[in-house]
Amino acid sequence: MANNGDSIKITNSVSGNATILALGKAFPQQLVMQDYLVDGFFKSTNCTDHELKQKLTRLCKTTTVKTRYVVMSEEILKNYPELATEGLPTVKQRLDISNKAVTQMAIDASLSCVKVWGRPLSSITHLVYVSSSEARFPGGDLHLARGLGLKPDVCRIMLAFTGCSGGVAGLRVAKDLAENNPGSRVLLATSETTIVGFRPPSAQRPYDLVGVALFGDGAGAVILGADPVPGVEKPLFELTSAIQQYLPDTEKTIDGRLTEEGIKFQLGRELPQVIESHVEEFCKKMLKDTVCSGAEYNDLFWAVHPGGPAILSKVEGRLQLKPDKLSASRDALRDFGNASSNTIVYVLENLVEESKKKREKGEEDSKWGLILAFGPGITFEGILTRNLVC
């Protein structure tokens, strides 16, 4: 990659830019082992279609997912058997379950994050809440603020139905809030569940099986602020610049609609190829006229939302990344599945652990990197980031 000339000079001290001060996560109680998912899913939905069962078995092997957490349980299906019945109007039941679940998971993730941060909840001045799994008003941002006991004058904003790019979009919004409100501390919380889209298998909807094999539930949380307090706050990443871009005429590639039966969701088969065709141009745009404008891609660290193994492979191939460059993303996919907006938090946690291990061994780690995600639109989100752990 050629050097584009002028660069932004950034010193080793963090000044003015937003930093990630703590990370946290939470999950529902139901742990799903991928090896046992197929039999359990077909039993719970009373489906005997052998061909569909074979297809799901193949998909489960190709996703590389090993474990996931889900809200759906035997108890829920016992109380709401209509959720496993084709064609019934169940959106009210689904949202009743989902609204409660995402709020509780967001509370748990936030409390975990605040505990790591080490400062009181009263220090939170702004709240950014991200979810594509609920529909109500007041929105989940208010329910989360009340559940945490945040002050009534905390400034709230909610990002809804941003899908897999929502976590990075939330970081971008939280970054702007932190940098433009001196002394502020922003809590970003993401929370998602697949229960709004849970449906029995159908030969008319074979693409539904991709979601069954890939997606998981959970929540993530991040504390952000500019100018960390020395000796009190321990910044993990500095968020230097952020951009967003959508690709015209691709809005049908990731398609979701709220119906009387819940959310009907479909991923176009061309999604990995579309991302592959545009990811390098987007990365060049992020790096242009920055301190990293002349960097090789393999000199950077990469926090990429793991939408699926095919997407990661396409990004890796197009950018000619070494296999270990996407290990944090692949490990998050393996352990939690694609948990939509939450997953980037899990990827960042993996990167922190990787950096700590390298530091303990005296190994050199990448100081600069990119946070990437791809969502409905198709929308690309990206943040140029400095690793403060290494």
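An unreviewed UniProt entry annotates the protein chain as Chalcone synthase of Rhynchospora pubera. Per UniProt, the protein chain has the following entry under Sequence similarities (unreviewed entry): "Belongs to the thiolase-like superfamily. Chalcone/stilbene synthases family."

Quick look at empty space enclosed by the protein
Sizing a probe to match a water molecule and rolling it over the atoms shows the empty space that remains. Counting across every chain of the model gives two cavities of 30 Å³ or more. Its boundaries defined by the atoms lining it, the largest cavity holds a volume of some 40 Å³. Gln245, Leu247, His278, Glu281, Phe282 and Phe380 are the residues that line the largest cavity. At three residues, helix α8 (residues 271-287) tops the list of elements feeding residues into the lining of the largest cavity. Among the residues making up the lining of the largest cavity, the classes are represented as three nonpolar, two polar and one charged. Approximately 30 Å³ is the volume attributed to the second largest cavity. In terms of lining, the second largest cavity is formed by Leu83, Thr85, Glu86, Gly87, Leu88, Thr90, Arg94, Arg199, Pro200 and Glu261.

A short note on the pattern of salt bridges
One pass over the full model with this rule turns up 20 salt bridges. Residue lysine 25 pairs with glutamate 349 through a salt bridge whose shortest N-O separation is 2.6 Å. You can see lysine 25 sitting in strand β1 (residues 18-26) and its partner glutamate 349 sitting in helix α11 (residues 343-361), a full 324 residues away along the chain. The class for glutamate 349 is buried, based on a relative accessible area of 17%.

With respect to the pairing of strand β4 (residues 126-131)
In terms of residue burial, β4 counts as a mostly covered element, since six of its six residues are buried. Across the two faces of β4 the burial is the same, with His126, Val128 and Val130 and Leu127, Tyr129 and Ser131 all buried. In the sheet, β4 pairs with strand β5 (residues 155-160) via six bridges, with the strands oriented parallel. Bridged to serine 131 within β5 is alanine 160. At this point the chain moves from β4, through helix α5 (residues 140-148), to the parallel β5, and the crossover so formed is right-handed. When β4 meets strand β6 (residues 186-192), the two strands line up parallel, connected through five bridges. Among the inter-strand pairings, leucine 127 is bridged to a residue of β6, identified as leucine 187.

Conventions adopted
Residues numbered from 1 in each chain as written. Predicted model: local features only at pLDDT ≥ 70, side-chain atom pairs only at ≥ 80, totals over all residues. Heavy atoms only, no water. UniProt positions renumbered as here; feature names shortened; annotations may be inferred. 1 Å grid on protein atoms, 1.4 Å probe; cavity = no way out; pocket = protein on both sides within 12 Å on 5 of 7 lines; lining within 4 Å. Points joined across faces, edges and corners; volume = space filled by probe spheres on them. Helix = DSSP H or I, 4+ residues; strand = E, 2+ residues; numbered from the N terminus. Nonpolar A, V, L, I, M, F, W, Y, C, P; charged D, E, K, R; others polar. Salt bridge = Lys/Arg side-chain N within 4 Å of Asp/Glu carboxyl O. Buried < 20%, exposed > 50% of the residue type's maximum accessible area, 1.4 Å probe, protein only. Pairing = 2+ DSSP bridges. Right-handed = clockwise from strand over helix to strand, strands pointing away.

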